[in-house]
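Here are the chains, one letter per residue:
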Amino acid sequence: MEIGVCAAAKIDDIGYAVLAEELGYSHFWVADSQMIWSDCSATLALVAQATSRIQIGTGVAVAGTRPAAVQAAAVATINQLAPGRTFCGIGTGNTAMRIMGHKPIPLAEFDDYLVTMRALMDGEEAQVRWRGATAPTRHLMPDRGFVAFTPRVPLYVSAFGPKAMAVAARRGDGVVLGIPPDPGAVAGVFRRLQETNPSITPATFHSCLLTTMVVLQPGESAASPRVADEAGSMAIAALHYTYEQQRQYGRAPSPAFADFWDDYVAAVEEVPEERRHLRIHAGHNCWVVPEEERFVTPELLERTCMIGTAEQLATQLLALEEAGLRQVMILPSLHTKEKVLRDVAEQVFPLLR
């Protein structure tokens, strides 16, 4: 089982990636959302030069805001700086697109985008669609030190639903998941992936689950204020996502949200519709805004995050690995992130070796 770190792109905090490498984390995923964080590619360039061992890449880049040729060039640029350590995570833009008041790109368009991306990332010629026209293109100067197409960069596709998982199975080298950290859910993902691509196995197809962890002290529970402090931003982001899914697709929220769902919706919908997209994702995966603190319940925390003693977390990680999961990447609250990384590395890592 690999443990990686997901980070909100922050251009002046490259030391966080250095810390992750020093502590023994396997991957450093830099998130992409242009209207809330620093630019992910600029951040990755600095991370590439400040580290030497840890795998680095986007977690995940947004297809809807980064044309395939632009994103392929960005990936190949980072690969020039960190050859053999670079990966590309890519998604439709569930947060980044919605913050601009737009929906994520349709899956059929995403599927076509990934075909183009893969060819361009390999230094090959591809048909690029742009502003209603299609034309062939390729990098014209791949051997002059501007970019590197080798070693081959793996493409990890973000897929939270069954249809997106089918796209990941067709086009990706792996999948990035936003499911509860439950072995049964992981096993279900692989069944879906194999329905599209029977050749996929846990050993050959990289799977990564986004969550966070809190290492409990003896006698402490998920009701501890410290747990909400360290993991609340991850938990509340699940509500943001669920609200968007209900609003766009009519999907019912999880029963775990039943006690407060109506109150949460009412709070969000106090903001006029034409400006609501600027409210929904406030604090996204960094902190919990004051008006949403009451929704960070122990039940929500336990459903969306990994919370337990070091022994319990190690047992849960090994069960996830047994179900086929390759990696867990953690995204703690911004102001507690270094402490969380140290807690997990110092208390959980030794139990996995």
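A quick note: this is a predicted structure, and the numbers were derived from the prediction, not measured. In this numbering scheme, every chain counts its residues from 1 along its sequence in written order. pLDDT decides what is reported in this predicted model: residues at 70 or higher carry local features, side-chain atom pairs at 80 or more are listed and counted, and totals for whole chains, interfaces and linings draw on all residues regardless. Working from all heavy atoms in the structure, the side-chain values ignore hydrogens and water.

(A) Quick look at helix α7 (residues 183-196). Between its first and last C-alpha atoms α7 spans 21 Å; for 14 residues at 1.5 Å apiece the expected length is 20 Å, and the two agree. To sort residues, take the accessible area from a 1.4 Å probe on protein chains only and compare it with the maximum for the residue type: under 20% means buried, over 50% means exposed, and anything in between is partly exposed. Elements are defined by DSSP. Helices are runs of H or I of four residues or more, strands are runs of E of two residues or more, and each kind is numbered from the N terminus. Among the residues of α7, V186, G188, V189, F190 and L193 are the ones counted as buried. Close packing links the buried residues of α7 with α6 (162-171), β8 (174-177), β9 (206-211) and α12 (310-322). Under the rule applied, a polar contact is a pair of N or O atoms within 3.5 Å (in protein, one hydrogen donor and one hydrogen acceptor; residues adjacent in sequence only if both atoms are side-chain atoms). N-cap assignment for α7: the residue whose side-chain oxygen lies 3.0 Å from the backbone N of G184 is D182. What a helix is expected to span follows from its residue count: subtract one and scale by 1.5 Å. It only takes one pair of heavy atoms within 4.5 Å for two residues to be counted as in contact.

(B) Local environment of the packing of helix α3 (residues 68-81) against helix α5 (residues 107-121). Think of each axis as a best-fit line through the C-alpha atoms, taken over the contacting stretch in the case of a helix, with angles from 0 to 180 degrees between the N-to-C directions. Running from N to C, α3 and α5 point in directions that differ by 40 degrees, and their axes come no closer than 9 Å. As judged from the angle between their axes, α3 and α5 are oblique. Two packed elements cross with a definite hand, and for α3 against α5 that hand is right-handed. Taking contact as the criterion, the partners of A68, A69, Q71, A72 and V75 in α3 are, on α5, Y113, T116, M117, L120 and M121. Note on residue classes: Ala, Val, Leu, Ile, Met, Phe, Trp, Tyr, Cys and Pro are nonpolar, Asp, Glu, Lys and Arg are charged, and everything else, Gly too, is polar. Residue composition of the contact of α3 with α5, by class: 8 nonpolar, 2 polar and no charged. Here the angle decides the label: under 35 degrees means roughly parallel, over 145 means roughly antiparallel, 65 to 115 means roughly perpendicular, and every other value means oblique. Each crossing is labelled by how the near helix is turned from the far one, with a counterclockwise turn of less than a right angle marking it left-handed and a clockwise turn marking it right-handed.

(C) Layout of the packing of aromatic side chains. Each aromatic pair joins two rings of Phe, Tyr and Trp (for Trp, the six-membered one) with centres within 6.5 Å, and gets the label stacked for planes under 30 degrees apart, edge-to-face for over 60, and tilted for any other angle. Evaluated as defined, the whole model comprises 12 aromatic pairs. Where Y16 meets F28, the ring centres are 5.9 Å apart and the plane angle is 75 degrees; that geometry is what we call edge-to-face. Taken together, the positions of Y16 in helix α1 (residues 15-23) and F28 in strand β2 (residues 27-31) put the pair 12 residues apart, joining distant regions of the chain. Placement of a charge over a ring requires the Lys NZ or Arg CZ to be within 6 Å of the ring centre, with the centre-to-atom vector within 35 degrees of the ring normal. It is R251 that lies over the ring of Y249; its NZ or CZ is 4.4 Å from the centre.

(D) Focus on the pattern of salt bridges. Salt bridges are counted wherever a side-chain nitrogen of Lys or Arg sits within 4 Å of a carboxyl oxygen of Asp or Glu. For the structure shown, the criterion picks out 24 salt bridges. Among the salt bridges present, the one from D39 reaches R66, with a minimum N-O distance of 3.0 Å. Taken together, the residues span a long stretch of sequence, with D39 in the loop between β2 and α2 (40-50) and R66 in the loop between β3 (55-62) and α3 at a distance of 27 residues. Residue D39 is classed as partly exposed on the basis of its relative accessible area, which comes to 37%. We note a salt bridge from E244 to R98, for which the minimum N-O separation is 3.9 Å. In this pair, E244 is assigned in helix α8 (residues 225-249) and R98 in helix α4 (residues 96-99), connecting sequence segments 146 residues apart. The pair formed by E244 and R98 is uniform in burial state, with each residue classed as buried.

(E) Spatial organisation of the environment of S233. By the element assignment, S233 lies in helix α8. A relative accessible area of 0% means that S233 is categorised as buried. S233 sits 100 residues away from S333 along the chain, and the two C-alpha atoms are 5.5 Å apart. In contact with S233, not counting residues within four places along its chain, are N285, C286, W287, V288, P332 and S333. At a separation of 3.0 Å, a polar atom in the side chain of S233 contacts the side chain of S333.

(F) Region of interest: unusual backbone geometry. A cis geometry characterises the amide bond from G59 onward to V60, with omega recorded as 0 degrees. Within the secondary structure, V60 is located in strand β3. Along the chain, T150 connects to P151 via a cis peptide bond; the corresponding omega equals -5 degrees. In this structure, R131 takes a positive phi of about 50 degrees despite not being glycine. With respect to the element layout, R131 can be found in the loop between β5 (126-130) and β6 (133-137). Even without being glycine, N285 reaches a positive phi, approximately 55 degrees. Within the secondary structure, N285 is located in the loop between α10 (277-280) and α11 (298-304).

(G) Summary view of the sheet that holds β8. Should DSSP find at least two bridges between two strands, the strands are regarded as paired. Taken together, the 8 strands give a closed barrel; going around it, the order is β1-β2-β3-β4-β7-β8-β9-β12, and neighbouring strands pair in parallel fashion. Strand-to-strand twist of the sheet, defined as the mean angle between neighbouring strand axes without regard to direction, takes the value 25 degrees. Pairing geometry for strand β4 (residues 86-91) and strand β7 (residues 155-158), over 3 bridges, is parallel. By the bridge assignment for β7, C88 is matched with L155. Along the sheet, α3 makes contact with β3 and β4, crossing β4 at roughly 155 degrees. Together, β4 and β7 form the strand contacts of α5, whose direction differs from that of β7 by roughly 165 degrees.

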